[in-house]
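The lines below spell out each chain.
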Amino acid sequence: MRTLIKNGHIVTAVDSYTADLLVDGETIVMIGKDLSAVVGTVDKTIDATGKLVIPGGIDPHTHMDLPFGGTASADDFETGTRAAAFGGTTTIIDFAVQYKGQALNEALDVWFAKAQGKAVADYGFHMICTDLPDERLPELKALIDQGVSSFKLFMAYPGVFLVDDGTIFKAMTAAGEHGGLICMHAENGVVIDVLVKRALAAGYTAPKYHALTRPTKAEAEGVHRAIAIAEMANSPVYIVHLSCHDALKEVQHARDLGLPAFAETCPQYLLLDYSYYEKEGFEGAKYVMTPPLRDRENQEQLWKGLRSNDLQVISTDHCPFCMKEQKELGRDDFSKIPNGGPGVENRMSLIYHHGVNAGRINLNRFVELTSTAAAKIFGLFPRKGTIAVGSDADIVIFDPNREQTISAATHHMRVDYSAYEGWTVKGVTEIVLSRGNVIVENGEWKGKAGAGRFVKRGTFA
Ligand code: URP
Ligand code: ZN
Ligand code: ZN
């Protein structure tokens, strides 16, 4: 299959120009001012006049089919990657989980079984490690060799995911030696647990107490500790879902010292705030996620961090639970509300609208934050994350002038609410190619289950 994309405005993290682009099979093979000469040799021509031609989005933080909080996240690899594609994201890096006593390889096999035959677009895995005695540390290298080159460790959720500081230090040393990257859920979960128990003992059960028992200082302390342990281990660290100014200051300080500390934030922390927990009745449960939404003044600080490159990536932490039968599990006890929210489909449009249209970031930075930086940090570049000859033809044709109103009634995520219900965004994904195959065209689904491939990632450069 050869596809010619005519007259689009190609934007990468560094370039911005109008040109034609030729896709042959799965790869971009030619970019030129005028490729009319190849018209007779192609199977399909797409007129991209007035449209942006950008690299497919990479969301390096999703949870498809994740057993969590007594239930499982509502999107599986088919519905989740399909929704991602509708929103312009063509690669996800999802989190496999190693449970206590399990070999890392065994855990990986479980996640392969969830994704294979289902994912409609490409996927990689990080491995969440919950049990790393010394004899298991060599398994980190074995996973890196298989293309699973990053690992998530938790300082939160004692008794479920939390690992102690000694384990963090050993894992960072072992992973760092072989080009692996530790992704840290940085929150002081031990202190948070005390706060949660105190709140419940005092009869505070409503969703807003999820936020009130997770202070920004608990996150900042976790970030500080994660970076300090990484420095002692002589390894890089990547802070996931950073939500607040207190935590950002820790990353900024480390980066000013020249330490290899990296961090992502998510649309919900840039655009939603604590007031959502004060909504009527049980509505606040929609926003129960960890870290929680913060006070509004944090938002502009996070945008500033994105501009100054103290934050490098915008992911979603897509971890949807329906209100019906899932969030409801915590109707009488906020600590039983499954933690997480939907967003994989909305990321690109939300960031384009509130970032580029609002004058907070430019077009190149938009591409960098939603695609290129994740590709570089997580060992996918330049195969993915850019528009270049030789790169995978993961391409989004994006209409910067079309408006769309976000709603659960029309979204493709398998979840019964939208965190952004009724919001209008200007800048919408129109056509999506995944390795050369058109999978979304003007709102219509053209992809197929199982077409997504596991992407073996390289080491942290
Ligand atoms: O609330 C969240 N973030 N759920 C997903 C698990 C995690 O910590 O990323
Ligand atoms: Zn987390
Ligand atoms: Zn997560």
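It should be noted that the structure appears before, not after, this text.
Conventions and cut-offs
Residues numbered from 1 in each chain as written. Chains lettered and ligands numbered in written order. Predicted model: local features only at pLDDT ≥ 70, side-chain atom pairs only at ≥ 80, totals over all residues. Heavy atoms only, no water. Donors = N, O, S within 2.8 Å, 3.2 Å for Na, K, Ca; no water. Helix = DSSP H or I, 4+ residues; strand = E, 2+ residues; numbered from the N terminus. Buried < 20%, exposed > 50% of the residue type's maximum accessible area, 1.4 Å probe, protein only. Near = heavy atom within 4 Å. Polar contact = N/O pair within 3.5 Å; in protein donor to acceptor, adjacent residues only side chain to side chain. Nonpolar A, V, L, I, M, F, W, Y, C, P; charged D, E, K, R; others polar. Phe/Tyr/Trp six-rings, centres within 6.5 Å; stacked < 30°, edge-to-face > 60°.

Caption draft 1: Representation of the coordination of the zinc ion (ligand 2) within the structure. Within the protein, Lys 152 (NZ), His 185 (ND1) and His 241 (NE2) serve as the donor atoms for the zinc ion (ligand 2), at 2.1 to 2.2 Å. Taken in sequence order, the residues that donate to the zinc ion (ligand 2) follow the motif K-x32-H-x55-H. Between the two metal centres, the zinc ion (ligand 2) and the zinc ion (ligand 3), the spacing is 4.0 Å. Taken together, the positions of Lys 152 in strand E11 (residues 150-154) and His 241 in the loop between strand E13 (237-239) and helix H8 (245-256) put the pair 89 residues apart, joining distant regions of the chain. Residue His 241 is classed as buried on the basis of its relative accessible area of 2%.

Caption draft 2: Representation of the site of ligand 1 within the structure. In the region of ligand 1, 14 residues are neighbours, and Lys 152, His 185, Thr 290, Asp 317 and Asn 339 sit closest. One of the side-chain N or O atoms of His 61 is found 3.4 Å from an oxygen atom in ligand 1. Between ligand 1 and the protein, one listed contact pairs an oxygen atom with a side-chain N or O atom of His 185 at 3.1 Å. Its residues placed into classes, the shell around ligand 1 shows five nonpolar, seven polar and two charged.

Caption draft 3: View of the coordination of the zinc ion (ligand 3). Coordination of the zinc ion (ligand 3) by the protein involves His 61 (NE2), His 63 (NE2) and Asp 317 (OD), with metal-donor separations of 2.0 to 2.1 Å. Motif for the zinc ion (ligand 3), donor spacing along one chain: H-x1-H-x253-D. By relative accessible area, His 61 is classed as buried at 0%.

Caption draft 4: Summary view of the packing of aromatic side chains. Taken as a whole and assessed by the stated rule, the structure comprises 23 aromatic pairs. When the ring of Phe 262 is compared with that of Phe 460, the centres are 5.5 Å apart and the planes differ by 70°; the resulting orientation is edge-to-face. You can see Phe 262 sitting in strand E14 (residues 261-265) and its partner Phe 460 sitting in the segment after strand E19 (444-445), a full 198 residues away along the chain. Residues Phe 366 and Phe 398 carry aromatic rings whose centres are separated by 6.1 Å and whose planes lie at 45° to one another, so their mutual orientation is tilted. Linking Phe 366 in helix H12 (residues 363-377) with Phe 398 in strand E16 (residues 395-405), this pair joins segments that are 32 residues apart in sequence. Look at Phe 366 and you get buried, because its relative accessible area is 0%. The exposure class assigned to Phe 398 is buried, which follows from its relative accessible area of 0%. Through a chain of ring-to-ring contacts, three or more aromatic side chains come together here, namely Phe 77, Phe 112, Tyr 123, Phe 125 and Phe 454.

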